[in-house]
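Architecture at a glance
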Amino acid sequence: MCGIVGVIGKSDVAPVILESLRRLEYRGYDSAGIATLVDGAIDRRRATGKLNALSGELDASPLNGTIGIGHTRWATHGAPTQNNAHPHATENVAVVHNGIIENFRALRQELEAAGATFSSDTDTEVIAHLINGYLADGKTPKDAVEATLARLEGAFALAIVFKGENKLMIGARQGSPLAVGYGDGEMYLGSDAFALAPMTNRVAYLEDGDWVVITDTSAVVYTADGREVSRPVQVVPVSAALVDKGNHRHFMAKEIHEQPEVAGHVLGHYVDPFTQTTRLPDLPFDLAGIPKITIVACGTAYYAAVVAKYWFEQLARVPVEVDVASEFRYREGAMTPGGLALFISQSGETADTLAALRYCRANGQHIASIVNVTESTIARESDHIFPTLAGPEIGVASTKAFVCQLMVLAVLAIATAHKRDTIDDAEHARLTSELTAIPRHLSDVLRLEPQIEKLSYELSNARDVLYLGRGVSFPLALEGALKLKEISYIHAEGYPAGELKHGPIALIDDTLPVIVIAPWDKLFEKTVSNMQEVMARGGRIILLSDKRGIDIAGDEASALLQMPDVDPFTAPILYAVPLQLIAYHTAVHKGTDVDQPRNLAKSVTVE
């Protein structure tokens, strides 16, 4: 995840910003930069690679100035070059940005037609030019930013400084975290309290949709519709800042809320933003000629694999076998010559998955892995790795790693289908465009949290919970049940809805909550038929669907969660999030240890 730091200080701020950026190195990055106001004018230093390179630039050509912004960039739009490194600037404004601006192509075309000259391949630069245009029209910096925010689609966090404004900085948050730090005649912006810890322990966290106007002595926060609001200032202990949870009680909550941002990192790595097509490196195997794909994983990663089975088979028409790693090698299954064995692991150290990899290697398979830790053993023993770019995941129950796994698998399914000519160029671009909207939709889903917290209070009193889904929603039912079991200790089961009458229906009574995952798709009516069988026997339905589904089937449900209207292909990625939040808030109500549930470890490194 990219990192943002902004400082309005009393002395030169570049050294302070550089040190704060070092504290954000754990988030991952491939370039960095700082901009300050020198005698009122914007000046920048940028470098690719690690912060030592930026430090060298500053040693060779120091930056003065008592106000500045800094950034560690994980490349999304545009390669990790100096021109693409942040901050991006015009003569009058400089910007650093985390996230993705979905409509940047249309904005860029409009701005270029109006005479703007671009120097990078990034989406971020359109923000600087939009603000610059509004400033040229006579708007104040505050009004120029407000007008610009109204035109941006996507998920983002921003820090902005202006020519001639030595005591003014503006920040904004939509889907990516941002905190305001309070000092003595100094003020700060940062991606988290850890970045700000050397400067202040007094921090206020912006909420989604907030933007803030900061001077050297004040911070005024506004909502997306322009209302002035107050966000509480918290005193963050140094020990807490070292392992910052932001304004969340638990790492799991923080990691759930990081999903719009990390989904953007996946898109930046695997999608060409100009052509809206998938972008893969040269692979040591031919996706078009693979006769069979074998996907092996454990736990939550296994459920991501099951979703991918539907995607690969439906889109690319390639046979896919999915196995639990702990069973796979003992089954001694026959391997198709020239097949692709794909391994999914957050840590890259899971013992059973590693053993399965070595079995496939011995049986002549091409080996690829989807991992979050690119230096891990599984990564090192693979022919090729597909990084998930989720960043550190502290909570034992996987959340953002799961969503990133699904994002990478979706890209691979689309790319494979295109190479096998089972989808044409138009469908390739359409499906990729649907993926590009995921960060924005994830932000929309997170706004359901107050509803979910309320219904989870009732769930916390249940002894058993049943999850139902069809098609790609079936593995989500399995994942939702796993999440509830592992952190709330409530017994839960996930079933394909069509199997209801083959046994599970015997469990239905008026004490059993049944969570139905039913996006509007070709299986919706069949799922609703199963749901009605549950209601006829007194079961309490919690329905997850979109507006069309809820309008048709929501009348008799005990609780409704209305999801965004999206293509059925991308629905599993979004529907994972309310299932995570249901488990999280149920566990919080029960008082269990959310981040470190009993008997579980983050990485299972023994068989």
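About the criteria used
- Residues numbered from 1 in each chain as written.
- Predicted model: local features only at pLDDT ≥ 70, side-chain atom pairs only at ≥ 80, totals over all residues.
- Heavy atoms only, no water.
- Phe/Tyr/Trp six-rings, centres within 6.5 Å; stacked < 30°, edge-to-face > 60°.
- Helix = DSSP H or I, 4+ residues; strand = E, 2+ residues; numbered from the N terminus.
- Buried < 20%, exposed > 50% of the residue type's maximum accessible area, 1.4 Å probe, protein only.
- Core = buried A, V, L, I, M, F, W, Y, C linked by side-chain atoms within 4.5 Å.
- Contact = heavy atoms within 4.5 Å.
- Domains from an automatic or database assignment.
- Salt bridge = Lys/Arg side-chain N within 4 Å of Asp/Glu carboxyl O.
- Polar contact = N/O pair within 3.5 Å; in protein donor to acceptor, adjacent residues only side chain to side chain.
- UniProt positions renumbered as here; feature names shortened; annotations may be inferred.
- Pairing = 2+ DSSP bridges.
- Axes fitted to C-alpha atoms, helices over the stretch in contact; angles between N-to-C directions.

On to the packing of aromatic side chains. Going through the model one piece at a time under the given rule, you end up with 6 aromatic pairs. Summarising the aromatic geometry, the rings of phenylalanine 328 and tyrosine 359 are spaced 5.6 Å apart at their centres and angled 90° between planes, so their arrangement reads as edge-to-face. Of the two residues, phenylalanine 328 sits in helix H11 (residues 325–331) while tyrosine 359 sits in helix H12 (residues 351–362), which places them 31 residues apart along the sequence. Residue classification places phenylalanine 328 among the buried residues on the basis of a relative accessible area of 0%. Note on tryptophan 520 and phenylalanine 524: the rings are 4.8 Å apart at their centroids and 45° apart in plane angle, and the pair reads as tilted. With a relative accessible area of 24%, tryptophan 520 lands in the partly exposed category. The exposure class assigned to phenylalanine 524 is buried, which follows from its relative accessible area of 2%.

The next point concerns the nonpolar core. Counting 100 residues, the largest nonpolar core has Ile295, Trp311, Phe312, Leu435 and Tyr467 as the members making the most contacts within it. In contact with tryptophan 311, other than residues within four places in its own chain, are Ala316, Leu406, Leu409, Ala410, Ala413, Val472, Phe569, Pro572 and Ile573. Counting 30 residues, the second-largest nonpolar core is a separate cluster that includes Tyr134, Ala147, Phe162 and Val213.

This part covers the domain arrangement of the protein. Its domain assignment divides the protein into domain 1 (3–240), domain 2 (245–423) and domain 3 (443–593). Its C-alpha centre places domain 2 at a distance of 25 Å from the equivalent point of domain 3. With 25 residues of domain 2 at the interface, the matching set in domain 3 holds 23 residues. At the boundary of domain 2 with domain 3, the tally comes to 0 salt bridges. Linking domain 2 with domain 3 are 9 residue pairs in polar contact (both at pLDDT 80 or more), by the criterion used here. Among the secondary structure elements, those contributing two or more residues to the side of domain 2 that touches domain 3 are helix H8 (251–257), helix H9 (259–270), helix H10 (299–316) and helix H14 (400–419). When residues of the side of domain 2 that touches domain 3 are assigned to their parent elements, the largest contribution, 8 residues, is made by H10.

It is worth spelling out the pattern of salt bridges at this point. Following the criterion strictly, the structure yields 27 salt bridges and no others. Linking glutamate 110 and arginine 151 is a salt bridge whose minimum nitrogen-to-oxygen distance equals 2.7 Å. Placement of the pair is glutamate 110 in helix H3 (residues 104–113) and arginine 151 in the loop between helix H5 (141–149) and strand S7 (154–162), with a sequence separation of 41 residues. The exposure class assigned to glutamate 110 is partly exposed, which follows from its relative accessible area of 37%. Accessibility expressed as a relative area gives 28% for arginine 151, which makes it partly exposed. Of the charged contacts in the structure, one is a salt bridge between arginine 361 and aspartate 383, with a shortest N-O distance of 2.8 Å. Here arginine 361 is found in helix H12, whereas its partner aspartate 383 is found in the loop between helix H13 (377–380) and strand S22 (384–387), with 22 residues between them in sequence. Its relative accessible area of 37% is what places arginine 361 among the partly exposed residues. Three or more residues joined by partner-sharing salt bridges are found here, namely Arg173, Asp208, Asp444 and Arg447.

Moving on, we get to the UniProt feature "domain: SIS" (unreviewed entry) in the protein. Within this numbering scheme, the UniProt entry marks residues 283–423 and 455–597 as carrying the feature "domain: SIS" (unreviewed entry). End-to-end, the C-alpha atoms of residues 283–423 are 20 Å apart, and along that stretch the chain is 43% helix and 18% strand.

Here the focus is the sheet that holds strand S21 (residues 366–371). Spatially, S19-S18-S20-S21-S22 is the arrangement adopted by the 5 strands of the open sheet, whose pairing is parallel. Each edge of the sheet is formed by a strand with only one pairing partner; in this case those strands are strand S19 (320–324) and S22. Each strand of the sheet is rotated relative to its neighbour by a mean of 20°, with strand direction disregarded. Of the strand pairs in this sheet, strand S18 (residues 293–297) and strand S20 (residues 340–345) are connected by 4 bridges, and their pairing is parallel. Within the sheet, the bridge partner assigned to threonine 294 lies in S20 and is alanine 341. Packed onto the sheet, H12 meets S18, S20 and S21 and runs at close to 170° relative to S20. In the packing of H14 onto the sheet, the strands contacted are S20, S21 and S22, and the crossing angle to S20 comes to about 160°.

Further remarks concern the side chain of histidine 86. Relative to the assigned elements, histidine 86 resides in the loop between strand S4 (67–73) and strand S5 (88–89). At 3.4 Å, the side chain of histidine 86 forms a polar contact with the side chain of threonine 124. Each residue touching histidine 86, except ones within four places of it in the same chain, is listed here: Ala32, Gly33, Ile34, Arg46, His71, Arg73, Val96, His97 and Thr124.

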